[in-house]
Amino acid sequence: QVQLVESGGGLVQPGGSLRLSCEASGFTFSRYAMSWYRQAPGKGRELVARITTSNGRTNYADSVQGRFTISRDNAKNTVYLEMNNLKAEDTAVYYCYAFWSEDRQYWGQGTQVTVSS
């Protein structure tokens, strides 16, 4: 049974930090590109950050470049999103996403991040 379980969300003040984790099970994690997406109220889901399988190459949305860092630990089947200098506009539900092929892609259930004073 495939599972992606996110954790680490919560309420934080502007300028604060959070670390999201996504633990995977039920598939060969190391073979999958992993991403974090987010969806704010009334908006579509957008890509935040992505990390490849082998060399760990990363790419980021312009809005989070320099503030967020994605990383993975294949031994722990876990992908992380370190978020620093958080802004109100970062408020959203954050989703973990695993992709190998069109018929091998999975979503987590999401974790809420709220940035507010």
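Higher on the page you've got the structure.
Residues numbered from 1 in each chain as written. Predicted model: local features only at pLDDT ≥ 70, side-chain atom pairs only at ≥ 80, totals over all residues. Heavy atoms only, no water.

Applying the stated criterion to the full structure yields nine aromatic pairs. Consider the rings of Tyr37 and Tyr97, whose centres lie 5.6 Å apart with planes at 85°: the pair is edge-to-face. Remark: Tyr97 occurs in strand 9 (residues 92–101) and Tyr37 occurs in strand 4 (residues 33–39); sequence separation between them is 60 residues. Like Tyr37, the residue Tyr97 is buried in the burial classification. On the numbers, 4.4 Å between centres and 35° between planes, the contact of Tyr97 with Trp107 is tilted. In this pair, Tyr97 sits in strand 9 while Trp107 sits in strand 10 (residues 104–107), placing the two residues ten residues apart along the sequence. A relative accessible area of 10% means that Tyr97 is categorised as buried. (Phe/Tyr/Trp six-rings, centres within 6.5 Å; stacked < 30°, edge-to-face > 60°. Helix = DSSP H or I, 4+ residues; strand = E, 2+ residues; numbered from the N terminus. Buried < 20%, exposed > 50% of the residue type's maximum accessible area, 1.4 Å probe, protein only.)

With that settled, the discussion passes to the state of the cysteines. Linking two cysteines covalently via their sulfur atoms produces the bond known as a disulfide. Applying the stated criterion across every chain, the model contains one disulfide. Disulfide pairing places Cys22 opposite Cys96 at an S-S distance of 2.1 Å. Looking down the S-S bond of the Cys22 and Cys96 bridge, the torsion is -80°, so its handedness is left-handed. Separated by 74 residues along the polypeptide, Cys22 in strand 3 (residues 18–25) and Cys96 in strand 9 bring together distant segments of the chain. Pair check on accessibility: Cys22 and Cys96 agree, each one buried. (Disulfide = S-S within 2.5 Å.)

Of all hydrophobic cores here, the largest spans 31 residues; its most connected members are Leu4, Met34, Trp36, Val79, Leu81, Met83 and Tyr94. Among the secondary structure elements, those contributing two or more residues to this core are strand 3, strand 4, strand 5 (45–51), strand 7 (68–73), strand 8 (78–83), strand 9 and strand 11 (111–115). Every residue in contact with Tyr94, bar those within four places of it in the chain, is listed here: Glu6, Leu20, Trp36, Tyr37, Arg38, Val48, Phe68, Leu81, Met83, Gly110, Thr111 and Val113. (Core = buried A, V, L, I, M, F, W, Y, C linked by side-chain atoms within 4.5 Å. Contact = heavy atoms within 4.5 Å.)

Before going further, it helps to spend a moment on the pattern of salt bridges. Applying the stated rule across the entire model yields five salt bridges. The shortest N-O distance in the salt bridge between Glu82 and Arg19 comes to 3.8 Å. Pair noted here: Glu82 is in strand 8 and Arg19 is in strand 3, with a separation of 63 residues, a long-range link. The class for Glu82 is partly exposed, based on a relative accessible area of 29%. Two residues, Asp90 and Arg38, come together in a salt bridge whose shortest N-O distance is 2.9 Å. Placement of Asp90 in the loop between strand 8 and strand 9 and of Arg38 in strand 4 is noted, with a sequence separation of 52 residues between them. (Salt bridge = Lys/Arg side-chain N within 4 Å of Asp/Glu carboxyl O.)

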